[in-house]
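Residues per chain are reported as follows:
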Amino acid sequence: MSSKQVLTVIVLVAVFSWSAVMAALGQLAAVATLVPSLGLLVQQVVQALAGAGESGQAPAGAARPAPGADQEHAR
């Protein structure tokens with residue numbers, strides 16, 4: 001396991017531990033507001049560890065050329 005992966009696991013454990021502590025202390029409203037962020041964090045970590053960028057795919061937010069843009073240059 002690389003140092004980057006170890007750091008990622010440590011961050012995940014810290015975030016989920018903090019959420020568990022908040023829930024145990026009765027701060028369910030705080031935990032409920034964190035759920036979307038936690039889901040996004042997990043999704044990004046899984047995608048990073050899977051190496052989606054190495055497969056040649058563009059990142060989700062990458063700009064894509066407009067349909068027919070290559071036809072305009074051919075004229």
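You'll find the structure just up there.
Residues numbered from 1 in each chain as written. Predicted model: local features only at pLDDT ≥ 70, side-chain atom pairs only at ≥ 80, totals over all residues. Heavy atoms only, no water.

## Let's talk about the overall build of the protein
When its secondary structure is counted, the protein shows 3 helices and 0 strands. Ordered by position from N to C terminus, the α and β elements of the protein give α-α-α. As presented, the protein carries roughly 6100 Å² of accessible surface, and 65% of it is formed by carbon and sulfur atoms. (Helix = DSSP H or I, 4+ residues; strand = E, 2+ residues; numbered from the N terminus. Areas by Shrake-Rupley, 256 points an atom, 1.4 Å probe, with all protein chains shown as cover.)

## Brief notes about helix 2 (residues 28–50)
Because each turn of an α-helix spans 3.6 residues, side chains separated by three or four positions in sequence point in the same direction. Helix length check: helix 2, at 23 residues, gives a terminal C-alpha distance of 32 Å against a target of 33 Å (1.5 Å per residue), a fit within 8%. The largest bend in helix 2 is about 40°, located at valine 35, with the proline proline 36 one to four residues further on. Looking one or two residues beyond helix 2, the residue adopting positive phi is glycine 51, at roughly 75°. (Expected span 1.5 Å × (residues − 1). Bend = angle between axes of the 7 residues up to and from the residue.)

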